[in-house]
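If you want the building blocks of each chain, they are given just below.
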Amino acid sequence: MSDPSLFVSPLVRQAARNLHRLEVLTANPLWTDLYRREDFWRAWWVMALTPDEATAWLPALAFAVSRERNASVLPALARCPIPDPIPPEARPWRDVLIQNWEQRPVPTEEEKSIRLFALVRLDRRAERLPEWLREARRALDLRRYDRHLRLAALAGWRPRPGDGPPHGDKTGAAEAWVRFWEKSYKSPNMNGLIAAAALLHLAEAGWLPSGLSPERLRVELRQRVRQCLVSSYDRPVLPMLLSSVPADASASERLRQDIMAWLELTHRNVQWEKREAVWNMLAAWQREGILERGGISLVPDLARALEREAYGGALLAMAGYVPRLAEVSTRPEAARAVVAHWEAYSRDGYWDSCLAAWVGRWNLMRAGVLTAEEQARFGADYVENIGAEESRDVLLALARITPPGTFPLPIWTRRLSDQGNRHRLAAQLAIHDWLVDMAGGGQRVANGSEVSGEWRVASGSEASGEWRVASGSSRPAVRCSLFATHRRQMRQVLRRAGQDIGDGTVAPFVNLPPEVWPDFRRLREIETALAAGQMPPPPDAGMESQPVPHAVPARLPEAHPLTGPPGITGRTAGSESTTRHPSPETVRHE
C-alpha cells in the first residue's frame, strides 16, 4: 500500500512543514518567553507572504491559537494575513482556525475583542451579522478603552463578494448594522473614526446606495486619523482599523492622490502609532498588486522615510513594502538607496531596527531586487551576525532566513553551546529546518517559494547539474541528478533501495541520524491529515509510550565551512567526496 503523503500537493506539503516547525518551537522550554513569541509572529507576517504562503500557514496558526495562553501575543495572531479567496483544499484549515478562535476562553474584555477581530476577518458571512450587532450594542456600555477596542474589532467586517445589499433582509440585522454605524459616524471622537472605517467597507460593497460614497468616506477617514490623538489606551485600535482599509482602485489618479495624502502621515513629526499603521496599510496594498496596477511606486518615498525613521515598529512595517522589479528598473537610484539603508540598520541599529532591517533585506533578496554585490554582502553579513548576534529576536529571525551559498552549520552548531538559553532556540530551529530541507531534496524552500541559489553542504559542480550532501565524515556522499530531487521520486528510489527505518516507512533521506527519524514520521503524519482536510492528532498524544523528541542529533551531516563570503553561485570551499553512484536507482546505503 502506497504512502498517502507521497501524493500530497505542494500547498499541503508546505503547510505540514510550517505546522511541524511550530510544534518543534512549542515543545522547546525556551518558547515560554511571551516577548519572543510576540516578536516571532510580528516579524513573520512581514516577510513578504504571498497568498499561497499565507494559506500554508493556516494550520500552524490554528495550532498557535489553540496553544497560546498569553493575551499579549493574541493581537499578533489575530492580524495574520488572510488570503482571499482561499483555495478549496485549504478551506477545512480555515474552518479549524475559526473553531479554535471561537473555543478560546476570554476572561477579559480585551481578549474577547481580539477574538472578535479575528473572527470578523475570517468569517464574512452575512448570517453572523445578528451576533456582531449584539456585540456592537453591548460595547456601548463598556468603559472607554474596552469600547473602542470592541468597536474597532467589529468595524473590520466586510460583506463577501456577491452578498447583496441589506434590502429584503428577513432578520433586519443587516439594515440595523448599517444604521448602527451611521449613528456612530456623527460622533466627533474615536467612535466616529471607527464608524467611518466600518461604513467604508459597507459602501465598497454597495450597501449604502443612497448614503455616503466611498470617496467621501476615504477622505473623512484619513482626516479623522490625522486629527485624532492616539492615547496609550487606544494604541491597538488604529492597526485594527487600517489593516482592512481597501484602496481606491477605481481610478489611478484618485488612487495616487489618496496614497500621497496617506504618506503625509508617515512624516517624523506624526505619532509613531500612525506611522506604523499607515506603512502596514501601504505595504499590504503593495502586496495585493494595487499600486502596480495603478502605476504607482513608493520606492523614492520609502528611501526618504528610511533616512529619517527611528522607531523599530515603523521600520518593521516598512520592511513589508517590497518593490516590484519594474519599480526597481525605473527607479534604480532609489532602490539602491533602500538597500543601503537596510544594510546600515542591520549593522549599526538597535535590536528592533536590526530585526526590521534583516526582514527588509530578506524580502528584497527573495524578490530578486539585490544585485550580485549586494547578495554577496548579504551572505557575509549573515554569517557574521549569526556568530556574534546577542539579540534573541534578531537571531531567531536570522534562523528563518535562507543565506546564499553554503548553510553555515558549524557556526549554528557553536551557538548550541551558548551559556545563555536566549540563543540556543534559534540555533535549534535553524539546524532543524536545514535537516528537513536536505530531506526535501537539498534546496531550501522559504515560506513556500524557492529562492535563488542552493544550499550546499559539500562542493559540487553546477555545470554537471549535481547536488552533493555529505552525510558524515566517514560516509559516502549521495549523488542525485536534478530530476530525482522531487520528494516523491526520492522516496520511491529509497524504497527500492531498501532504505527503511524499521517500521515499514521509508526514511526521507539517506544516512540521516536516527535521532531525527521521529520528526520525519511526524511530518508525514501531518501531511496525511492535512491532505484529508483534517488536523493531525496533538504532537503530545501518546507521549508516555512513544516519545517524539525534537532534539538536535548528536551527529549531524557535515557541512564544510566557508573560506570567504558566499557568492550568488552557491560555491563552497572544502574537499569533495570522490564516491559517486551512477543514478538514483542505484543509491547505496550502509
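Our subject is the structure that appears above.
Residues numbered from 1 in each chain as written. Predicted model: local features only at pLDDT ≥ 70, side-chain atom pairs only at ≥ 80, totals over all residues. Heavy atoms only, no water.

**Q** An account of the overall build of the protein chain is requested, with residue identities and associated values reported.
**A** A count of helices and strands for the protein chain gives 27 helices and 4 strands. Within the protein chain, the proportion of its 590 residues that are buried is 56%. Taking as baseline every contact in the protein chain between residues at least 6 positions apart, the subset at least 24 positions apart corresponds to 72%. Here the protein chain displays about 24,500 Å² of accessible surface, and carbon together with sulfur accounts for 51% of that area. (Helix = DSSP H or I, 4+ residues; strand = E, 2+ residues; numbered from the N terminus. Buried < 20%, exposed > 50% of the residue type's maximum accessible area, 1.4 Å probe, protein only. Contact = heavy atoms within 4.5 Å. Areas by Shrake-Rupley, 256 points an atom, 1.4 Å probe, with all protein chains shown as cover.)

**Q** Talk me through the environment of N18; I want residue IDs and the actual numbers.
**A** Structurally, the position occupied by N18 is in helix α1 (residues 10-27). For the pair N18 and L523, spaced 505 residues apart in the sequence, the C-alpha separation amounts to 9.9 Å. What N18 contacts, discounting residues up to four positions off in sequence, is A56, W57 and A60. Here A56 takes part through its backbone oxygen, which lies 3.1 Å from a polar atom of the side chain of N18. (Polar contact = N/O pair within 3.5 Å; in protein donor to acceptor, adjacent residues only side chain to side chain.)

**Q** Report on the environment of A251, specifying residues and quantitative values.
**A** Secondary-structure assignment places A251 in the loop between α13 (237-242) and α14 (252-263). Taking relative accessible area as the criterion, A251 reaches 30% and is therefore assigned partly exposed. Placed 43 residues apart in sequence, A251 and G294 show a C-alpha to C-alpha distance of 7.7 Å.

**Q** An account of the nonpolar core is needed here, citing residue identities and associated values.
**A** Counting 169 residues, the largest nonpolar core has W41, W101, W177, W181, W285, W342 and W412 as the members making the most contacts within it. By residue number, the principal contributor to this core is helix α11 (residues 190-204), which donates 11 residues. Not counting the four nearest positions on each side in its chain, W181 is found in contact with L151, L154, A155, I194, A195, A198, L199 and L202. (Core = buried A, V, L, I, M, F, W, Y, C linked by side-chain atoms within 4.5 Å.)

**Q** Now, about unusual backbone geometry: what can you tell me, with residues and values included?
**A** Here D84 and P85 are connected by a cis peptide whose omega angle stands at 0°. Inspection of the secondary structure puts P85 in the loop between α5 (74-78) and α6 (91-103).

**Q** Report on the packing of helix α18 (residues 312-319) against helix α21 (residues 351-366), specifying residues and quantitative values.
**A** Two numbers describe how α18 lies on α21: the axes approach to 8 Å, and their chain directions differ by 5°. Looking at the two axes, α18 sits roughly parallel to α21. Facing G312, L315, L316 and A319 of α18, the residues of α21 in contact are D352, S353, A356, V359, G360 and N363. Among the residues forming the contact of α18 with α21, the class breakdown is 5 nonpolar, 4 polar and 1 charged. (Axes fitted to C-alpha atoms, helices over the stretch in contact; angles between N-to-C directions. Parallel < 35°, antiparallel > 145°, perpendicular 65-115°, else oblique. Nonpolar A, V, L, I, M, F, W, Y, C, P; charged D, E, K, R; others polar.)

**Q** Can you tell me about the side chain of E273, naming the residues and giving the values?
**A** By secondary structure assignment, the location of E273 is in helix α15 (residues 272-287). When neighbours within four sequence positions are excluded, E273 is seen to be in contact with V230, R235 and L238.

**Q** Describe in detail the packing of α14 against α15, supporting the description with residues and values.
**A** Look at α14 against α15: their axes get within 10 Å of each other, and the N-to-C directions meet at 150°. The angle between α14 and α15 places the two elements in the roughly antiparallel class. The element α14 and its partner α15 pack so that their crossing is left-handed. Here α14 contributes D258, I259, W262 and L263 to the contact with α15, which in turn contributes V278, W279, M281, L282 and W285. (Left-handed = near helix turned anticlockwise from the far one by under 90°.)

**Q** Explain α14 residue by residue, including any values.
**A** Structural remark: α-helix, 3.6 residues per turn; residues separated by three or four positions point the same way. In this model α14 runs 16 Å from its N-terminal to its C-terminal C-alpha over 12 residues, within 8% of the 16 Å that 1.5 Å per residue would give. Turning to α14, its buried residues are L255, D258, I259, A261, W262 and L263. Of the surrounding elements, those touching the buried residues of α14 are α12 (214-227), α13, α15, α16 (290-293) and α17 (299-308). (Expected span 1.5 Å × (residues − 1).)

**Q** So, the pattern of salt bridges: which residues are in play, and what are the values?
**A** Following the criterion strictly, the structure yields 35 salt bridges and no others. Here R218 ties to E204 by a salt bridge, and the two come within 2.4 Å at their closest N and O atoms. Here R218 is found in helix α12, whereas its partner E204 is found in helix α11, with 14 residues between them in sequence. R218 sits in the buried class, given a relative accessible area of 6%. Here E204 falls in the partly exposed class, since its relative accessible area comes to 39%. D381 serves as the salt-bridge partner of R361, at 3.1 Å between the closest nitrogen and oxygen. (Salt bridge = Lys/Arg side-chain N within 4 Å of Asp/Glu carboxyl O.)

**Q** So what's going on with helix α27 (residues 517-531)? Which residues, and what values?
**A** For α27, spanning 15 residues, the distance from its first C-alpha to its last is 21 Å, which sits close to the expected 21 Å at 1.5 Å a residue. Where α27 is concerned, the buried positions are P518, D519, F520, R522, L523, R524, I526, E527, A529 and L530. G533 sits one or two residues past α27 and shows a positive phi near 75°.

**Q** Quick rundown of the packing of aromatic side chains? Include the residues and the values.
**A** Summed over all chains, the structure comprises 17 aromatic pairs. Taken together, the ring pairs connect W31, F40, W41, W44, W45 and W57 into an aromatic cluster. For R224, the ring lying beneath its charged end belongs to Y185, and the centroid distance is 4.8 Å. Over the face of the ring belonging to W358 we find R361, whose NZ or CZ atom lies 4.7 Å from the ring centre. (Phe/Tyr/Trp six-rings, centres within 6.5 Å; stacked < 30°, edge-to-face > 60°. Lys NZ or Arg CZ within 6 Å of the ring centre and 35° of its normal.)

**Q** Just give me the short version of the environment of A205, but keep the residues and values in it.
**A** Position of A205 relative to the elements: it lies in the loop between α11 and α12. Classification of A205 as partly exposed rests on a relative accessible area of 30%.

**Q** Hey, could you go over the side chain of R147 for me, with residue numbers and the actual values?
**A** Looking at the element boundaries, R147 is found in helix α9 (residues 144-155). Summary of buried charges: R147 has no salt-bridge partner, and the nearest side chain of opposite charge, D141, is 8.3 Å away. In this structure, R147 is in contact with A139, L140, L142 and N191, ignoring residues within four places of it in sequence. (Lys, Arg positive; Asp, Glu negative; His and termini not counted.)

In short, geometric facts, not functional conclusions.
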